[in-house]
Amino acid sequence: MPRPLLLLLFMLLLYCGGAAQAPALYFDRITVQNGLSHNKVNCILQDKRGFLWIGTDDGLNRYDGSHFSIYKNNPGNNGSLSGNIITDLLEDEQQVLWIATADGGLTKYDYRLLPAKQFTQFKHQPGNPASLPVNIINKLLQDEDGYLWLATSGSYVVRFNKKTGACSLPVTQGTRTMLALTNAGAHEMWVGKQGGGLLKINTRTLAFRMDSRYNNLYAKLPHATVTSLYKDHFNNIWYGSWDSVLYQYNQQQQQELLFQKNNQPNSFSNDDILGFAEDTAG
């Protein structure tokens, strides 16, 4: 056999042998033993400065790749974090961090201020209708006009004015606990409800739509409770629910698809969906 052909055959064998190997995955665990404040992690955000913010059931952690800075509520100190059960994080266009908690309302963090003034608390104030109606916040979202929207437990979805700190409740119909939020299109927000399916709000006009079939909480309807929402780069909306099914709404075709466990080996696993992420390959 000629030497060039032999060399080509050898290279092909090397390629096939390498391609047949299973990819090796490596994981590092970051736990309380490494400095994390709690092992139950609810949310993670990387800010524009490169810091990782990790919200746990006992405090907020800022991680620089090797060291943790831990922030917690200091009772009686309004300049501290408002609560310790961190449920969601959002960084706005001003690099201000907004922190949702399940035990203390909402906190604003601005690293450019003096340390004693970096945290600003927003909580329910009895007798003040412009304050937060409840201190249990599950998710945060910012609309195209700069308003924050808060999915709460027990008090619907709240629109929060970042400039004034005033709150309003555009929709006070149906079930009261909201679990998920996503921007679905131009001035359109979808809200995942605990019972009642999906709520769709025009964030500018505040007009809203709900499926009246879900008014019957005992009706056996799909995705009666929506646990998570996500819009991909094709503008399709993905959502998970308590019925352990993954749903996709194709906005172009206006058609809902579902993925659930079946007899195929690579079918969707039978579990609740709590969050989504999309990689660069779609």
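What you see is a predicted model, and the numbers here were worked out from it, not measured in a lab.

Student: Looking at this model, I keep getting lost on the overall build of the protein. Mind explaining?
Tutor: The number of helices and strands found in the protein is one helix and 20 strands. Considered along the principal axes of its C-alpha atoms, the protein spans approximately 90 × 50 × 30 Å. In the protein, once contacts between residues fewer than 6 apart in sequence are set aside, the share between residues at least 24 apart is 40%. As presented, the protein carries roughly 16,500 Å² of accessible surface, and 52% of it is formed by carbon and sulfur atoms. Here the protein contributes 24 positively and 23 negatively charged side chains, and the mean placements of these two sets differ by 3 Å.

Student: Mind showing me how you'd approach the side chain of Ser 241 here?
Tutor: With respect to the helices and strands, Ser 241 occurs in strand β18 (residues 237-241). Residues in contact with Ser 241, not counting those within four places in the same chain, are His 223, Thr 225, Val 226, Thr 227, Tyr 247, Asp 272 and Ile 273.

Student: What is the right way to read the packing of aromatic side chains from this model?
Tutor: Two aromatic rings, taken as a pair, are described by how far apart their centres are and by the angle between their planes. Here the structure, examined in full by the defined rule, presents 14 aromatic pairs. Residues Tyr 63 and Phe 68 carry aromatic rings whose centres are separated by 4.5 Å and whose planes lie at 25 degrees to one another, so their mutual orientation is stacked. The pair Tyr 63 / Phe 68 is uniform in exposure class, with both members buried. Counting every residue linked through ring pairs, the aromatic cluster contains Trp 53, Tyr 71, Tyr 109 and Phe 119. The ring of Phe 51 has Arg 62 sitting right over it, with the charged end atom 4.2 Å from the ring centre. Positioned above the aromatic ring of Tyr 147, the side-chain terminus of Arg 159 is 4.0 Å from the ring centre.

Student: Please explain empty space enclosed by the protein as it appears in this structure.
Tutor: This model, assessed by the stated rule, comprises one cavity of 30 Å³ or more. Considered as a void within the structure, the largest cavity measures approximately 50 Å³ in volume. For the largest cavity, the full set of lining residues is Asp 47, Arg 49, Trp 53, Glu 91, Gln 95, Leu 97, Tyr 109 and Tyr 111. In terms of residue class, the lining of the largest cavity is made up of four nonpolar, one polar and three charged.

Student: Help me understand the side chain of Asp 88 in this model?
Tutor: Along the chain, Asp 88 turns up in strand β5 (residues 86-91). For the buried Asp 88, no salt bridge exists, and the shortest N-O distance to an oppositely charged side chain is 4.4 Å, to Lys 139. At a separation of 2.8 Å, a polar atom in the side chain of Asp 88 contacts the main-chain amide nitrogen of Leu 140.

Student: Help me out: how do you make sense of unusual backbone geometry in this one?
Tutor: Among all residues save glycine, negative phi is the norm, and among peptide bonds the norm is trans. You will see that Gln 95, though not glycine, has its phi angle at about 65 degrees, which is positive. The class of Gln 95 is partly exposed, set by a relative accessible area of 25%. Located in the positive-phi region is Asn 235, a residue other than glycine, with phi close to 70 degrees. Among the secondary structure elements, Asn 235 is positioned in the loop between β17 (226-231) and β18. Among the residues examined, Asn 235 registers a relative accessible area of 39% and is labelled partly exposed.

Definitions and cut-offs
Residues numbered from 1 in each chain as written. Predicted model: local features only at pLDDT ≥ 70, side-chain atom pairs only at ≥ 80, totals over all residues. Heavy atoms only, no water. Helix = DSSP H or I, 4+ residues; strand = E, 2+ residues; numbered from the N terminus. Contact = heavy atoms within 4.5 Å. Areas by Shrake-Rupley, 256 points an atom, 1.4 Å probe, with all protein chains shown as cover. Lys, Arg positive; Asp, Glu negative; His and termini not counted. Charge placed at Lys NZ, Arg CZ, Asp CG, Glu CD. Phe/Tyr/Trp six-rings, centres within 6.5 Å; stacked < 30°, edge-to-face > 60°. Buried < 20%, exposed > 50% of the residue type's maximum accessible area, 1.4 Å probe, protein only. Lys NZ or Arg CZ within 6 Å of the ring centre and 35° of its normal. 1 Å grid on protein atoms, 1.4 Å probe; cavity = no way out; pocket = protein on both sides within 12 Å on 5 of 7 lines; lining within 4 Å. Points joined across faces, edges and corners; volume = space filled by probe spheres on them. Nonpolar A, V, L, I, M, F, W, Y, C, P; charged D, E, K, R; others polar. Salt bridge = Lys/Arg side-chain N within 4 Å of Asp/Glu carboxyl O. Polar contact = N/O pair within 3.5 Å; in protein donor to acceptor, adjacent residues only side chain to side chain.

Honestly, it's all geometry; don't read function into it.
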